[in-house]
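Residue-level listing of the chains:
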Amino acid sequence: VFQKWVNREISNFDYLIQLNTMAGRTYNDLAQYPVFPWILRDYTSEELDLNNPAVFRDLSKPIGVVNEKNAKIVKEKYENFEDPLGMIDKFHYGTHYSNAAGVMHYLIRVEPFTTLHIQLQSGRFDCADRQFHSIPATWQALMDNPNDVKELIPEFFYFPEFLENQNGFNLGQLQMSKEVVNDVVLPKWAHSPEDFIYKHRKALESEYVSAHLHEWIDLIFGYKQRGPAAVEALNVFYYCTYEGAVDLDALTDEKERKALEGMINNFGQTPCQL
């Protein structure tokens, strides 16, 4: 697969899907859903210029520190973390870039995810301010908040329907602006959900992303995923997100095991290292 990708015989999209599959990610498990990168940083211009490197996200950095301002906070958190019981390793992020709640967050307007979201929120929609209501606002929140590290899902590159509230769900209204949450607010350069998907997919297949995608792959699937390289890249997540970090079979206490299983399922899982 790698050789085919290098020779440009398969697209960046297909390559990412294949890497996800090899690393045990699947559409059939929300806790291990395929993970895709944020690739743009420009969600405000009237036109999207894919020949300008400045419109792209820095793919060599985890999303939590793409904004330079957050790097210091994230570093300090890691350095100052001390587990009195000595069980929990130091980490940069207490949340994860891919988990079930995140998938439901993005796909809330489409069944069966709407129903799953409502079940997760004990029978109602989460408050409007926490809904996925705008792509520019979601990006801005990531830049402002080092604790929010959600990457994307493949749907952002082929499935315009998830951006529309075709079922007319009442998702509430935002507290400050009183704006009703309905269809997802798009970047200025996108004139419709279809246009967004078309341009976003074009961005994924662009020259810039083709040249830098391997940097992100190293963080998520490769050598910067754990060990000293991960520490240096500010890319260490909570210990139980890593494959093999917890030996569930060794837990004899059924309750304890169930609790830990639940935690791993909800928390997010780092893909198998390729």
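Residues numbered from 1 in each chain as written. Predicted model: local features only at pLDDT ≥ 70, side-chain atom pairs only at ≥ 80, totals over all residues. Heavy atoms only, no water.

Naming follows an unreviewed UniProt entry, where the chain appears as NBEL1 protein of Leucopsar rothschildi.

Asks: Explain the overall build of the chain to me, using residue names and the numbers behind them.
Replies: Secondary structure assignment for the chain yields 10 helices and 0 strands. Reading the helices (α) and strands (β) of the chain from amino to carboxyl end gives α-α-α-α-α-α-α-α-α-α. In terms of overall size, the chain behaves like a compact globule, its C-alpha atoms giving a radius of gyration of 19 Å where 274 residues would be expected to give roughly 19 Å. The 274 residues of the chain split such that 49% are buried. Long-range contacts, defined here as pairs at least 24 residues apart, represent 67% of the contacts in the chain between residues at least 6 apart. (Helix = DSSP H or I, 4+ residues; strand = E, 2+ residues; numbered from the N terminus. Rg over C-alpha atoms; globule rule 2.2 N^0.38 Å. Buried < 20%, exposed > 50% of the residue type's maximum accessible area, 1.4 Å probe, protein only. Contact = heavy atoms within 4.5 Å.)

Asks: Tell me about the UniProt feature "domain: BEACH" (unreviewed entry) in the chain, residues and numbers included.
Replies: Here, UniProt's "domain: BEACH" (unreviewed entry) annotation points to residues 1-274. Secondary structure across residues 1-274 divides into 36% helix and 0% strand, with the first and last C-alpha atoms of the span separated by 12 Å. (UniProt positions renumbered as here; feature names shortened; annotations may be inferred.)

Asks: Can you tell me about helix H6 (residues 135-144), naming the residues and giving the values?
Replies: One full turn of an α-helix is made of 3.6 residues, so residues set three or four places apart face in the same direction. Within the span of H6, buried status applies to Ile135, Pro136, Thr138, Trp139, Leu142 and Met143. Viewed end-on, H6 has its buried residues packed into an arc of 165°, placing them on one side of the element. Tucked into the core, H6 has its buried residues touching helix H3 (68-80) and helix H7 (193-204). N-capping of H6 is provided by serine 134, with a side-chain oxygen placed 2.9 Å from the backbone N of alanine 137. (Arc of directions from axis to C-beta. Polar contact = N/O pair within 3.5 Å; in protein donor to acceptor, adjacent residues only side chain to side chain.)

Asks: How would you summarise a nonpolar patch on the surface if you had to cite specific residues and measurements?
Replies: Taken together, the side chains of Val1, Met22 and Leu274 present a nonpolar region at the surface, about 270 Å² in accessible area. Along the chain, leucine 274 turns up in the segment after helix H10 (254-267). (Patch = residues over 30% accessible without salt bridge, like charges linked within 9 Å, V, L, I, M, F, W, Y side chains within 5 Å. Areas by Shrake-Rupley, 256 points an atom, 1.4 Å probe, with all protein chains shown as cover. Salt bridge = Lys/Arg side-chain N within 4 Å of Asp/Glu carboxyl O.)

Asks: Tell me about unusual backbone geometry, and please be specific about residues and values.
Replies: The amide bond that connects glutamate 111 to the next residue, proline 112, takes the cis arrangement and shows omega of 5°. On the secondary structure map, proline 112 appears in the loop between helix H4 (100-106) and helix H5 (113-120). Although it is not a glycine, arginine 8 sits at a positive phi angle of roughly 60°. Along the chain, arginine 8 turns up in the loop between helix H1 (2-6) and helix H2 (12-22). Assessed through its relative accessible area of 52%, arginine 8 is described here as exposed. Even without being glycine, lysine 178 reaches a positive phi, approximately 65°. Looking at where lysine 178 falls in the secondary structure, it is placed in the loop between H6 and H7.

Asks: Describe the packing of H2 against helix H8 (residues 207-220), and please don't skip the residues or the numbers.
Replies: Relative to each other, H2 and H8 sit at 15°, their axes nearing to 11 Å. Classified by the angle their axes make, H2 and H8 are roughly parallel. The hand of the H2/H8 crossing is right-handed. Mapping the contact onto sequence places Asn12, Tyr15, Leu16 and Leu19 in H2 and Val209, Ser210, Leu213, Trp216 and Ile217 in H8. Split by residue class, the contact of H2 with H8 holds 7 nonpolar, 2 polar and no charged. (Axes fitted to C-alpha atoms, helices over the stretch in contact; angles between N-to-C directions. Parallel < 35°, antiparallel > 145°, perpendicular 65-115°, else oblique. Left-handed = near helix turned anticlockwise from the far one by under 90°. Nonpolar A, V, L, I, M, F, W, Y, C, P; charged D, E, K, R; others polar.)

Asks: I'd like to hear about the nonpolar core, residue by residue, with values.
Replies: Nonpolar side chains in soluble globular proteins tend to be buried together. Core analysis: the biggest nonpolar cluster contains 73 residues, and Trp38, Leu40, Ile135, Phe156, Leu163 and Phe196 have the highest contact counts within it. For this core, the secondary-structure elements that each account for two or more residues are H2, H3, H4, H6, H7, H8 and H10. Per-element accounting of this core gives the leading share, 6 residues, to H8. In contact with tryptophan 38, other than residues within four places in its own chain, are Tyr43, Arg57, Leu59, Ile63, Tyr106, Ile135, Thr138, Trp139, Leu142, Lys150, Glu151 and Leu152. Listed in part, the 6 residues of the second largest apolar core include Ile108, Phe125, Leu171 and Val181. (Core = buried A, V, L, I, M, F, W, Y, C linked by side-chain atoms within 4.5 Å.)

Asks: Account for the side chain of threonine 138, naming residues and giving values.
Replies: Position of threonine 138 relative to the elements: it lies in helix H6. Separated by 2.6 Å, the side chain of threonine 138 and the backbone oxygen of serine 134 make a polar contact. Residues in contact with threonine 138, not counting those within four places in the same chain, are Trp38 and Phe132.

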